[in-house]
Amino acid sequence: MPELPEVEIVRQSLDKKIKQKKVKKVIVRNRNLRLKIPSNFENFIKDKKIIKVRRFSKYLIIYLAKDNYFLIHLGMSGTIHIVNNKLTSKFTNTSFYNSSTLPKKHNHVILIFDKFKLIYNDPRRFGFFQIIKCKLDLKKRFNHLGPEPFDSEFNFKYVYKFFKNKKKNIKSYLIDQKFVSGIGNIYSSEILFLSKINPFKKVCSLSKKECRNIVINSKKILSRAIVKGGSSIKDFQDTHGSKGGYQNEFKVYMREGKRCKNLGCSNLIKKKITSNRSTFFCNLCQK
Ligand SMILES: [Zn+2]
């Protein structure tokens, strides 16, 4: 499942490719994604120029003229492929998830531009497209979500206040989109390792210093992951044939049974599954 850094990488490649380009035709092969694609979707986008591609948390925001927008959410398994009319590269995926070349099945939405096509592929259909018709609605759309780790509102005061008298553990809050949005299993494990905090510690017992570290390290880990092009969990490549590199810097994620990377610690990394989510940690370094 893509987290904020991976969606940001998709945003960057989309912005480069489709900005200032006009959509000539829209084909919807299957409307039944997580949200049903409305019947006016094709007409809403057809003949419109893409102004720019932005992002909030894991939502891609496509700006059209006159305060019209549409959102793309990749869900669990959604990927966006760019296929040039003149086949210049076999790599079509704008992200590092799933197939690096266009799969034969599950291509649900196709936007046709002059020189290329944008194809939305999603085997599990948890992703969605959504039309938004004004700026206010765009703002309201994200009202239920907490700040991104990069927002200035995601600071010590916010975190400390949020955690007061709360009984759940820190891992469950880091992946709770109402608290902070964009973080999932990969980056929550890495943030807590860097912060030396046990993922199963109750948030009401975190010290001020620990709250501060969570803020600082969330920003640190996510911006580093973006610089490295996100994490390729499998050996896949993007439209340029390059791979994300952050997986080489994982300290705990997917390192169960391997030696802790902290100097002087020879403990083995543990993996614990709670409500179907894996958490990786060192039980000696993380208290
Ligand atoms: Zn350790």
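Structural data are supplied above this passage.
Quick caveat: nothing in here was measured; it's all calculated off a predicted structure.

### What to know about the pattern of salt bridges
Logical step 1: For the structure on display, the rule yields 11 salt bridges.
Logical step 2: Glu210 is the partner of Lys201 in a salt bridge, and the nearest nitrogen-oxygen pair spans 3.1 Å.
Logical step 3: Members of the salt-bridge network, linked through shared partners, are Glu8, Arg11, Arg55 and Glu148.

### Some points on the environment of Tyr187
Logical step 1: Within the secondary structure, Tyr187 is located in helix α6 (residues 185-194).
Logical step 2: Here the alpha-carbon distance between Tyr187 and Leu222, two residues 35 residues apart in the chain, equals 7.3 Å.
Logical step 3: With sequence-adjacent residues up to four places away left out, Tyr187 is seen in contact with Glu3, Pro5, Glu6, Ile221, Leu222, Ala225, Gly230, Ser231 and Tyr246.

### Quick word on the side chain of Asn121
Logical step 1: With respect to the secondary-structure elements, Asn121 resides in strand β7 (residues 116-121).
Logical step 2: Side-chain polar atoms of Asn121 contact the backbone oxygen of Lys105, separated by 2.8 Å.
Logical step 3: In terms of polar contacts, Asn121 uses its side chain to reach the side chain of Asn107, at 2.8 Å.
Logical step 4: Look past the residues within four positions of Asn121 in its chain and what remains in contact with it is Ser77, Gly78, Thr79, His81, Pro103, Lys105, His106 and Asn107.

### Quick notes on unusual backbone geometry
Logical step 1: Residues other than glycine seldom take positive phi values, yet Asp47 does so here, at roughly 65°.
Logical step 2: Here Asp47 is to be found in the loop between α2 (41-45) and β2 (50-56).
Logical step 3: A positive phi angle, close to 60°, is found at Met254, a residue other than glycine.
Logical step 4: By the element assignment, Met254 lies in the loop between α7 (208-227) and β9 (270-274).
Logical step 5: Of the residues examined, Met254 reaches a relative accessible area of 49% and is grouped as partly exposed.

### Considering the coordination of the zinc ion
Logical step 1: Every protein donor of the zinc ion is listed here as Cys260 (SG), Cys265 (SG), Cys282 (SG) and Cys285 (SG), and their distances to the metal cover 2.2 to 2.4 Å.
Logical step 2: Every donor counted, the four donor atoms about the zinc ion form angles of 104 to 114° at the centre, which fits tetrahedral coordination.
Logical step 3: All donors of the zinc ion belong to a single chain; written as a sequence motif, their spacing is C-x4-C-x16-C-x2-C.
Logical step 4: Here Cys282 falls in the buried class, since its relative accessible area comes to 0%.
Logical step 5: Overall, the relative accessible area of 16% leaves Cys285 in the buried class.

### Looking at the sheet that holds strand β8 (residues 128-132)
Logical step 1: The strand order β2-β3-β4-β8 describes an open sheet built from four strands, whose pairing is antiparallel. Where the open sheet ends on each side, the last strands, each with one partner, are β2 and β8. Adjacent strand axes in the sheet meet at a mean angle of 20° when their direction is disregarded.
Logical step 2: Examined bridge by bridge, strand β4 (residues 69-73) and β8 share five bridges and lie antiparallel to one another. Among the inter-strand pairings, Leu71 is bridged to a residue of β8, identified as Gln130.
Logical step 3: Against the sheet, helix α1 (residues 4-18) makes contact with β2 and β3 (59-64), and its axis sits at roughly 175° relative to β2, the strand it touches most.

### A few points about the packing of aromatic side chains
Logical step 1: Taken as a whole and judged by the stated rule, the model has 25 aromatic pairs.
Logical step 2: With centroids separated by 6.4 Å and ring planes inclined at 85°, the aromatic side chains of Phe162 and Phe163 adopt a geometry described as edge-to-face.
Logical step 3: Centroid distance Phe162 to Phe179: 4.7 Å. Interplanar angle 55°. Geometry classified as tilted. Taken together, the residues Phe162 in helix α4 (residues 156-163) and Phe179 in the loop between α5 (170-174) and α6 connect sequence positions 17 residues apart.
Logical step 4: The exposure class assigned to Phe179 is buried, which follows from its relative accessible area of 0%.
Logical step 5: Cluster of aromatic residues (ring-pair linked, three or more members): Phe154, Tyr158, Phe162, Phe163, Tyr173 and Phe179.
Logical step 6: One residue, Lys168, lies across the ring of Tyr173, its end atom 5.1 Å from the ring centre.
Logical step 7: Seen from the ring of Phe200, Lys272 lies directly overhead, with NZ or CZ sitting 4.2 Å from the centre.

Reading the values: rules and limits
- Each chain carries its own residue numbering, running from 1 in the written order of its sequence.
- Only residues with pLDDT of 70 or above have their local features reported here, since the model is predicted, and side-chain atom pairs are shown and tallied only from 80 upward, although totals for entire chains, interfaces and linings are computed over all residues.
- Side-chain measures here rest on the full set of heavy atoms in the structure, leaving out hydrogens and waters.
- What makes a salt bridge here is a side-chain nitrogen of Lys or Arg within 4 Å of a carboxyl oxygen of Asp or Glu, nothing more.
- A run of H or I in DSSP becomes a helix once it reaches four residues, and a run of E becomes a strand once it reaches two; helices and strands are each numbered from the N terminus.
- The contact criterion used is simple: two residues touch if any of their non-hydrogen atoms lie within 4.5 Å.
- For this analysis, a polar contact is any N or O atom pair within 3.5 Å, provided that within protein one partner can donate a hydrogen and the other can accept it, and provided that sequence-adjacent residues contribute only side-chain to side-chain pairs.
- Residue burial is assigned from relative accessible area. The probe radius is 1.4 Å, only protein chains are included, and a residue is buried under 20% of its type maximum, exposed over 50%, and partly exposed in between.
- Atoms of type N, O and S within 2.8 Å of a metal are treated as its donors, and for Na, K and Ca the window is 3.2 Å; water is not considered, so some sites may appear to be missing partners.
- Key to geometry: four donors with every angle between 85 and 135 degrees are tetrahedral; four donors are square planar and six octahedral where opposite donors lie over 155 degrees apart and all remaining angles lie between 65 and 115; all other sites are irregular.
- By this definition, two strands are paired if DSSP reports at least two bridges between them.
- All axes here are fitted lines through C-alpha atoms, helices being fitted over the stretch that makes contact, and every angle between N-to-C directions spans 0 to 180 degrees.
- The criterion for an aromatic pair is that two Phe, Tyr or Trp rings (for Trp, the six-membered ring) have centres within 6.5 Å, with stacked assigned to planes under 30 degrees apart, edge-to-face to planes over 60 apart and tilted to the rest.
- We count a charge as sitting over a ring when the NZ of a lysine or the CZ of an arginine lies within 6 Å of the ring centre and within 35 degrees of the ring normal.

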